[in-house]
Structure formats: structure tokens, C-alpha cells
Amino acid sequence: THLLLTKLKINHYLFIQPNEKEEYEKWYDKTYCDLIICPSNFSELNMGSTPVRNYIMEYWKDKKYVWMLDDNIREYRRLNNGLKDVINSPVIFRSVENYVVNCKNVGIASHNFSPFICAGDYRKVVVKNAKCFSSLFINNRIGLKFRHKYQEDHFISVECINKGYTTLTFNHILYNKL
């Protein structure tokens with residue numbers, strides 16, 4: 001994901017564990033990225049990505065919205081008239097942001113996973129109250145927390161809906177990951 005965001009000239013942050021600092025400093029590109037060292041090696045808690053995701057939300061507690069991306073996204077594609085074309089533009093994120101900030105009750109929005117949408121398919125642009133995962137735009141003011149080791153994106157989507165907020169999954173821009 002870092003390599004893609006750097007290629008697209010999008011400023012971003014990498015949250016890493018202290019024991020990974022030396023390795024990351026060998027290869028990450030500082031041009032568009034700030035490296036944030038977490039306070040501990042969260043992997044030792046044996047809870048998957050949940051502790052670092054909660055740390056990221058706490059780190060940005062003064063921000064209403066937080067983008068949280070899995071570390072293995074390799075491209076985004078635009079679904080238009082049944083075609084899935086690679087898109088190399090910050091509009092990947094802006095289109096979702098511009099839509100969501102004008103809504104009153106959205107807790108989480110996400111791009112959909114490209115393999116779930118076949119070329120030639122025609123889909124609604126936005127699906128309400130579906131699962132959100134991997135490329136998340138989270139309302140950081142509603143008190144959501146990741147709580148599970150596996151399928152944590154699915155569970156936080158359910159928590160969001162149970163709190164009375166809407167989830168939105170966007171089909172106009174899709175992500176591919178390893």
C-alpha cells in the first residue's frame with residue numbers, strides 16, 4: 001500500500017512496531033510518508049491487527065474521520081460501464097470523502113474488493129449497511145473499537161450498524177490486494 005500511495009503522490013502514514021523500525025527505514029520512501037512508531041510491539045499480544053488499528057484511531061482522536069488501509073493494497077480500479085480500469089489518482093479517496101462528509105449518519109465507508117465485482121457487472125454505486133473492510137474511512141467520533149483477532153472489519157461493521165450508524169460500501173472504485 002505504501003508503494004502505491006507513494007507512486008500516486010499521496011501523503012500518508014505508516015504505523016509500525018518498534019522492533020520493525022530498522023527494517024522499514026531501509027526501504028520506505030519518506031517523500032510522501034511519515035513513519036509512526038507505535039508504543040509497543042502489538043504483535044506480541046497475539047490479536048492480529050486489532051491493537052494497532054485501535055492505536056491509529058486513538059492517535060488521530062482529534063480528527064473526525066480516519067482512513068485506515070490494509071498494508072497489502074496494490075491498486076485501485078474504477079468500475080464504469082462494466083469495465084474495471086486501473087485508476088492512479090487521489091480521487092480514489094476524495095470521492096468517498098466528499099460523499100460521506102455530506103451525510104449525517106455514516107459510521108464507516110469503504111471501497112469494495114475488486115474480485116467481488118466481475119468485469120461486465122453493473123452494480124449500485126453505493127451499498128448501504130454492507131460489510132466494510134481493508135480500505136476504510138471511519139468516523140472517529142462515534143466510539144468504534146476493533147475487538148476481534150479475525151474478521152475484525154466485519155465485526156466493526158456490525159458494531160457500527162448496531163450503534164445506529166450506517167455503513168457504506170462503494171462500488172465505483174475497487175481495491176485489489178495480495
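This text gives an overview of the structure that appears in the document. It should be emphasised that the depicted structure is a prediction, and the values quoted were computed from it without experimental measurement.

Remarks on the overall build of the chain
Now for step 1: Helix and strand counts for the chain come out as 5 helices and 9 strands.
Now for step 2: Overall, the chain shows an N-to-C arrangement of helices and strands of α-β-α-β-α-β-β-β-α-β-β-β-α-β.
Now for step 3: The globule rule puts the C-alpha radius of gyration for 178 residues at 16 Å, and the 16 Å found for the chain is close to it.
Now for step 4: With the principal axes as the frame, the chain shows a C-alpha extent of 45 × 35 × 30 Å.
Now for step 5: Going through the 178 residues of the chain one by one, you find that 45% of them count as buried.
Now for step 6: Counting only carbon and sulfur atoms, one obtains 50% of the accessible surface of the chain, whose full area is about 9700 Å².
Now for step 7: Charge-centre separation for the chain: the mean point of 25 positive side chains lies 8 Å from the mean point of 18 negative side chains.

Quick word on the environment of V86
Now for step 1: Among the structural elements, V86 can be located in strand 5 (residues 83-86).
Now for step 2: Residue class for V86 comes out partly exposed when judged on its relative accessible area of 41%.
Now for step 3: Each C-alpha atom, one on V86 and one on Y175, is 9.5 Å from the other, the two residues being 89 residues apart in sequence.
Now for step 4: Residues within four places of V86 in sequence aside, it is in contact with E75, Y76 and R77.

Conventions we followed
Residues numbered from 1 in each chain as written. Predicted model: local features only at pLDDT ≥ 70, side-chain atom pairs only at ≥ 80, totals over all residues. Heavy atoms only, no water. Helix = DSSP H or I, 4+ residues; strand = E, 2+ residues; numbered from the N terminus. Rg over C-alpha atoms; globule rule 2.2 N^0.38 Å. Buried < 20%, exposed > 50% of the residue type's maximum accessible area, 1.4 Å probe, protein only. Areas by Shrake-Rupley, 256 points an atom, 1.4 Å probe, with all protein chains shown as cover. Lys, Arg positive; Asp, Glu negative; His and termini not counted. Charge placed at Lys NZ, Arg CZ, Asp CG, Glu CD. Contact = heavy atoms within 4.5 Å.

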